[in-house]
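Understanding the architecture of this molecule
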Amino acid sequence: MIEPLERALVNSEAAVVARVEALERYAGHVAEAERAYHARGQIEELRARLPRYEELLAESGADSLAVPEIERLAEDADVLERTLRRSVESAHEAFRYLES
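Residues numbered from 1 in each chain as written. Predicted model: local features only at pLDDT ≥ 70, side-chain atom pairs only at ≥ 80, totals over all residues. Heavy atoms only, no water.

Tracing the chain through its elements places Tyr37 in helix α1 (residues 2–59). Of the residues examined, Tyr37 reaches a relative accessible area of 60% and is grouped as exposed. Note: C-alpha distance between Tyr37 and Arg85 (48 residues apart in sequence) is 8.5 Å. (Helix = DSSP H or I, 4+ residues; strand = E, 2+ residues; numbered from the N terminus. Buried < 20%, exposed > 50% of the residue type's maximum accessible area, 1.4 Å probe, protein only.)

Below, the structure is given as structure tokens:
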């Protein structure tokens, strides 16, 4: 009689441990998504300023090396934004997993 109860207890404990581990993974995804959200705002702010930086460079007679550097920074911002979007999508997927 004790054996079925022990088995039930072991199974119950394993289910709780699995759920806690899933919640911990989810919490990690949420924290990552929150960082991504804040970084995205900073990227948008920098992008909004980019035309002004280009204008200042043009007005200052900037050398030909500065413009490619600004373009590279803009490309880096695009890559970062795509990475951040994937991070947010990953957090949403983790949440969907926990709902089931």
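Counting 5 residues, the largest nonpolar core consists of Ala36, Ala39, Ile43, Ala77 and Leu84. Contributing elements (two or more residues each) for this core: α1 and α2 (66–99). Sequence-distant contacts of Leu84, defined by excluding residues within four places in its chain, comprise Ala36, Ala39, Arg40 and Ile43. (Core = buried A, V, L, I, M, F, W, Y, C linked by side-chain atoms within 4.5 Å. Contact = heavy atoms within 4.5 Å.)

A few words on the layout of surface pockets. If you add up the space inside the largest pocket, you get close to 200 Å³. In terms of lining, the largest pocket is formed by Ile43, Leu46, Arg47, Leu50, Tyr53, Ile70, Leu73, Ala74, Ala77 and Leu80. Taken together, the elements giving at least two residues each to the lining of the largest pocket come down to α1 and α2. (1 Å grid on protein atoms, 1.4 Å probe; cavity = no way out; pocket = protein on both sides within 12 Å on 5 of 7 lines; lining within 4 Å. Points joined across faces, edges and corners; volume = space filled by probe spheres on them.)

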